[in-house]
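If you want the building blocks of each chain, they are given just below.
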Amino acid sequence: MKKSYKLICIDVDGTLYNDQKIIPEENRKAIQEASEKGILIAITTGRMYHYGHLYGGMLGADTITIASNGAFVKYQNEILNHQRLSYEDTLFIKEKIEKYQFFAHYNTWNGLVCKGNLGDGNGYLAANEKLPKEMKIDIVVTEDLENEFLDRKDQFLKAIVFSKGRHAELMQLREEFRDHKTLGVASSSVDNLEIFRKDVGKEKGIEALIKKLCITREEVMAIGDAENDLSMIRYAGLGVAMGNASDEVKEAADFITETNNEAGVAKAIRRFCL
């Protein structure tokens, strides 16, 4: 007899998406069937809140968004979690990123600030072409980050750094935060580093949501592949690692499904929920 899970938390890149950034039809169908059965679906991502709105539209099912690695959760019209960086920590992060001359985004719950060319093909630019006017992501490209930080004082949730192949230097940047009292880091791919409050994690977002929903962590299934998914994999009643997940995620998981190119999300949902 299958256990009755009430909430499925699904990461996006490397999990819901295949390597071509497409949601396999098998994933879509399994999620729709789970939703029709009354199971809630939460897009649980490092991306911003309204970006999650797009996934629900693509899935053909109602979804909840746990955004910014759990730092921002909004259910209906109520904000359940909003873990912002202090202004001082935002400046410290900027100093360390600029020391290594990396390009980075500094994200609020629905805004992005960066210095330098955002670049063609950016996911948030593409998202804004599809999002309704009231949900568009506020994108600011500036040469004066500190002024933008002042204008948005205490509003930033995280910074995400892009290595562009400079992996050794990215690891050096990571070391700068090893013993920091209030800041933590995680990666969602080998090419980036996300910097946020040390008490932030996808499990914190899930915890805030299930408290509102009056369900238990034992009734949650979480599916992911990367370091920033570790906390929710360990927290959920059933933690599922993708076949393409890192060894650390696989070791933490209760079950390992197929890869993101083999519709591993659908296979896990069908095995445990349908």
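Reading the values: rules and limits
Residues numbered from 1 in each chain as written. Predicted model: local features only at pLDDT ≥ 70, side-chain atom pairs only at ≥ 80, totals over all residues. Heavy atoms only, no water. Core = buried A, V, L, I, M, F, W, Y, C linked by side-chain atoms within 4.5 Å. Buried < 20%, exposed > 50% of the residue type's maximum accessible area, 1.4 Å probe, protein only. Helix = DSSP H or I, 4+ residues; strand = E, 2+ residues; numbered from the N terminus. Contact = heavy atoms within 4.5 Å. Pairing = 2+ DSSP bridges. Axes fitted to C-alpha atoms, helices over the stretch in contact; angles between N-to-C directions. Polar contact = N/O pair within 3.5 Å; in protein donor to acceptor, adjacent residues only side chain to side chain. Salt bridge = Lys/Arg side-chain N within 4 Å of Asp/Glu carboxyl O.

A. How the structure looks around the nonpolar core. With 47 residues, the main nonpolar core has Ile8, Ile10, Ile31, Met221, Ile223, Ile269 and Cys273 as its most contacted residues. When residues in this core are grouped by element, the largest group, five residues, is from helix α11 (residues 264-272). Those residues in contact with Ile10 that lie beyond four places of it in its chain are Thr15, Leu16, Ile31, Ile41, Ala42, Ile43, Thr44, Ile223, Val265 and Ile269. Formed by 21 residues, the second largest nonpolar core is a distinct cluster that contains Tyr106, Leu173, Leu193 and Ile195.

B. Seen up close, the sheet that holds strand β5 (residues 78-82). As summarised here, the arrangement of the eight strands in space is β5-β4-β3-β2-β1-β12-β13-β14, forming an open sheet in which the pairing is mixed. At either end of the open sheet lies a strand with only one pairing partner, and these are β5 and β14 (255-256). By the bridge criterion, four bridges tie strand β1 (residues 7-10) to strand β2 (residues 40-44) in an arrangement that is parallel. Among the inter-strand pairings, Cys9 is bridged to a residue of β2, identified as Ala42. The sheet contacts of helix α3 (residues 49-59) involve β2, β3 (64-67) and β4 (72-75), and relative to β3 the element is tilted by about 145°. Contacting β1, β12 (220-224), β13 (238-241) and β14, α11 crosses the sheet at an angle of about 160° to β12.

C. Examining the environment of Tyr124 more closely. The topology assignment puts Tyr124 in helix α5 (residues 123-130). In this structure Tyr124 touches Arg47, Met48, Tyr51, Asn107, Leu112, Ile137 and Ile139, once residues within four positions along its chain are discounted. Here the side chain of Tyr124 touches Met48 through a polar contact of 3.2 Å, landing on its backbone nitrogen.

D. Spotlight on the pattern of salt bridges. What the rule picks out here adds up to 20 salt bridges. Note that Lys212 is salt-bridged to Glu78, the shortest N-O span being 2.7 Å. Highlighted residues: Lys212 in helix α8 (residues 202-213) and Glu78 in strand β5, separated in sequence by 134 residues. For Glu78, a relative accessible area of 36% gives the class partly exposed. The shortest N-O distance in the salt bridge between Glu194 and Lys158 comes to 2.5 Å. With Glu194 in strand β11 (residues 192-197) and Lys158 in strand β9 (residues 158-162), this pair connects stretches of sequence that are 36 residues apart. Glu194 sits in the buried class, given a relative accessible area of 2%. Among the charged side chains, a network of salt bridges with common partners joins Asp11, Lys202 and Asp229.

E. Structural detail: the sheet that holds strand β8 (residues 138-142). Pairing is mixed in the open sheet, where six strands are placed in the order β8-β7-β6-β9-β11-β10. At either margin of the open sheet sits one strand with a lone partner, and together these are β8 and β10 (183-186). In this sheet, adjacent strand axes meet at a mean angle of 20° when their direction is disregarded. In this fold helix α4 (residues 87-99) packs onto β6 (103-107), β7 (111-115), β9, β10 and β11, with an angle of close to 170° to the strand it touches most, β6. Those strands touched by helix α7 (residues 167-175) are β9, β10 and β11, and its axis lies near 15° from that of β11.

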